[in-house]
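Residue-level structure breakdown
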Amino acid sequence: MQEVNSALPAGELASLSNDDLQRFYTAANERYTAFRARGLKLDSTRGKPSADQLDLSNGLLAAVDESEARGGGDLRNYGGGVNGLPQARELFAPMLGAPAAQVVVAENSSLALMHDTIVYALLKGVPGGKAGWSTEPVTFLCPAPGYDRHFAICAQYGIKMIAVPMTGTGPDMDIVEKLVAEDASIKGMWCVPKYANPTGDIYSDEVVVRLAKMKTAAADFRIFWDNAYAVHHLTDKKHEIANILEACAAAGNADRAFVFASTSKITLAGAGLALFASSPANVAWMTKNMGFRSIGPDKINQLRHVKFLKDFAGLEALMEKHRALIVPKMNAVLDVLKQELAGRGVATWTNPDGGYFISFDVREGCAKRVVQLAEEAGVAMVPAGNTFPNGNDPKDSNIRIAPTFPALDGVKLAAEGIALATLVGVAENELKKRGLAA
């Protein structure tokens, strides 16, 4: 990888003279064109585990033998209840911050569980509500940048979305409190409270308590607490957040939070377990609705998770192995971005303590162009804007970088392609601002 910063005039692009800016653009574009000519096909789209990460859980495939499958009332058959095996609920209760009796272990997709929860609420209402949400306009608060699939569920069912800015320690609570107090159509709010997707925010204790205590115009308001990265640490410090269920109960709002998680990025992404926890009333509501949809979950898959992981300490030990595979990829991206972009005034980025993403903010008005250039150079990315409701990033600035899936060499190449696309895209923007041709 060549050194752009050492070969060109120092300083931010905005401070360069017209001549120096033209030279900068020409040199950066030459490197970008050479990179594009290599015909690479690199995937930085979604936060998928790599094959090496999946290999860590291959033991699941043979974790249960025939005698064990026949045990417990014959796990191969129907029945057993929709809330999952008792030993599975015990295993994952610490991850959800709830007693095992308030935990539901379902099929492989927490996204499907969240989708179904919204459908149940729209059609049947939730405890404390008078009717299904679909009988009136429904609005959700959406901390942004956020998870595009949360927003897609809302869009699918005509739920209005209001973006709320992130602060580094969670959503801007002054805005949240004002909105929910004034607008009874606001029935829900998405939250990824630890190592948020994509910003890496860790919700502070103050934010958690304010969410639990705040006055809402809608008596049946719910927080969809997607703790997808609860155990996905990238440093020695294992950050903990306040327990939302306990905070809500202490505030007299015991039914306020629906807590979700999964093992999708712990064991096998396509054959994991989805997890739900909430108040006793909400759990009874959820399992009643689930009972019309299914006779019961895949009990053998639940048992093999119990046999493979053994206990919560075993789960944490497995996550240390994931960390060893992910951290070098995160560091590779950060090293490339620092080498290529630092001091240029073209972008800022996060250095997350956990999770799967780097949140990358380019100069306002440039994100779509940067993603276009990266994709033309062979680096597949999630479309710019997807981290905001309805795909509308008002600043056209945020880009989500997902380094986990490719091999390390591929990660480095993808980061170089993104960095070069950024230099070219932002330099183009600066030239246009000055009325100069790119």
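Here is what the cut-offs are and how they apply
Residues numbered from 1 in each chain as written. Predicted model: local features only at pLDDT ≥ 70, side-chain atom pairs only at ≥ 80, totals over all residues. Heavy atoms only, no water. Helix = DSSP H or I, 4+ residues; strand = E, 2+ residues; numbered from the N terminus. Rg over C-alpha atoms; globule rule 2.2 N^0.38 Å. Buried < 20%, exposed > 50% of the residue type's maximum accessible area, 1.4 Å probe, protein only. Contact = heavy atoms within 4.5 Å. Areas by Shrake-Rupley, 256 points an atom, 1.4 Å probe, with all protein chains shown as cover. Lys, Arg positive; Asp, Glu negative; His and termini not counted. Charge placed at Lys NZ, Arg CZ, Asp CG, Glu CD. Expected span 1.5 Å × (residues − 1). Polar contact = N/O pair within 3.5 Å; in protein donor to acceptor, adjacent residues only side chain to side chain. Core = buried A, V, L, I, M, F, W, Y, C linked by side-chain atoms within 4.5 Å. Pairing = 2+ DSSP bridges. Axes fitted to C-alpha atoms, helices over the stretch in contact; angles between N-to-C directions. pLDDT = per-residue confidence, 0-100. Phe/Tyr/Trp six-rings, centres within 6.5 Å; stacked < 30°, edge-to-face > 60°.

Taking an unreviewed UniProt entry as the reference, the chain is identified by name as Aminotransferase belonging to Silvimonas iriomotensis.

Now for the overall build of the chain. Counting secondary structure elements, the chain contains 15 helices and 12 strands. A compact globule built from 438 residues would reach a C-alpha radius of gyration of about 22 Å, and the chain, at 23 Å, matches this within 12%. Taking the principal axes of its C-alpha atoms as reference, the chain extends roughly 75 × 55 × 35 Å. In the chain, which comprises 438 residues, the proportion classed as buried is 54%. Pairs at least 24 residues apart make up 77% of the contacts formed inside the chain by residues separated by at least 6 positions. On the chain, roughly 17,800 Å² of surface is accessible, and the fraction owed to carbon and sulfur atoms is 52%. Distance between charge centres in the chain, computed from 45 positive and 48 negative side chains, equals 3 Å.

Now for helix H6 (residues 110–124). The end-to-end C-alpha separation of H6 is 20 Å, in line with the 21 Å expected for 15 residues at 1.5 Å each. Every buried residue belonging to H6 is among Ser 110, Leu 113, Met 114, Asp 116, Thr 117, Ile 118, Val 119, Tyr 120, Ala 121 and Leu 122, and all of these are buried. Capping the start of H6 is the job of one residue whose side-chain oxygen sits 3.3 Å from the backbone nitrogen of Leu 111: Ser 109. Within two residues after H6, Gly 125 carries a phi angle of roughly 80°, on the positive side.

This paragraph deals with the nonpolar core. Within the largest apolar cluster, 106 residues are counted, with the highest numbers of intra-cluster contacts made by Met 95, Val 176, Leu 211, Trp 225 and Phe 360. When residues of this core are assigned to their parent elements, the largest contribution, 12 residues, is made by helix H15 (residues 408–433). Setting aside anything within four residues of it in sequence, one finds Phe 360 in contact with Leu 337, Leu 341, Ala 347, Thr 348, Trp 349, Ser 397, Asn 398, Ile 399, Ile 401, Ile 418 and Thr 422. Ala 121, Leu 122, Phe 260 and Phe 276 belong to the second-largest nonpolar core, a separate cluster that totals 29 residues.

The next point concerns helix H5 (residues 86–96). Along H5, the positions that sit buried rather than exposed are Ala 88, Arg 89, Leu 91, Phe 92, Ala 93, Met 95 and Leu 96. Its buried side turned inward, H5 meets strand S2 (103–105), helix H10 (244–250), strand S7 (257–262), strand S8 (274–277), helix H12 (299–309) and helix H13 (312–341). Just past H5, the residue Gly 97 takes up positive phi, approximately 70°.

Before going further, it helps to spend a moment on the environment of Gln 87. Turning to its location among the elements, Gln 87 is positioned in helix H5. With relative accessibility at 35%, the residue Gln 87 sits in the partly exposed group. Look past the residues within four positions of Gln 87 in its chain and what remains in contact with it is Leu 303 and Val 306.

Through backbone hydrogen bonds, the strands of a sheet pair up, either in parallel or in antiparallel fashion. An order of S9-S10-S12 is seen for the 3 strands of this open sheet, with the pairing classed as antiparallel. Looking at strand neighbours, the two that pair on one side only are strand S9 (347–349) and strand S12 (398–401), the edges of this open sheet. Averaged over all pairs of adjacent strands, the angle between their axes in this sheet comes to 25°, without regard to strand direction. Taken together, the 3 bridges between S9 and strand S10 (residues 358–362) define a ladder with antiparallel strand orientation.

To continue, consider the confidence of the model for the chain. Looking at the chain as a whole, its pLDDT mean stands at 95, while 98% of the residues score no less than 70. Across residues 1–6 the pLDDT falls below 50, and counting only partners more than four positions away or on other chains, this stretch makes 20 contacts in the model.

Another point: the packing of aromatic side chains. Throughout the structure, instances matching the rule amount to 14 aromatic pairs. Considering the side-chain rings of Trp 349 and Phe 360, the 6.2 Å spacing of their centres and the 35° angle between planes classify their relative orientation as tilted. Separated by 11 residues along the polypeptide, Trp 349 in strand S9 and Phe 360 in strand S10 bring together distant segments of the chain. The partly exposed category is assigned to Trp 349, whose relative accessible area is 25%.

Here we take up the sheet that holds S2. Read from one edge of the open sheet, 7 strands run S2-S8-S7-S6-S5-S3-S4, paired in mixed fashion. A single partner strand is all that each edge strand has here, and the edge strands are S2 and strand S4 (160–165). Averaged over all neighbouring strand pairs, the angle between strand axes comes to 20°, with direction disregarded. Relative to S7, H6 is tilted by about 155°, and along the sheet it contacts strand S3 (139–144), strand S5 (186–191), strand S6 (222–226), S7 and S8.

Time to look at unusual backbone geometry. Glycine aside, a negative phi is what most residues show, and trans is what most peptide bonds show. Each neighbour pair has its own omega, and for Ala 144 with Pro 145 the value is 5°, a cis peptide bond. Along the chain, Pro 145 turns up in the loop between S3 and helix H7 (148–156). The phi torsion at Lys 310 lies on the positive side, around 75°, for a residue other than glycine. Looking at Lys 310, the relative accessible area reads 63%, which means it is exposed. A positive phi is found at Asn 390, a non-glycine position, where the angle reads about 60°. Looking at the secondary structure, you find Asn 390 in the loop between strand S11 (379–381) and S12.

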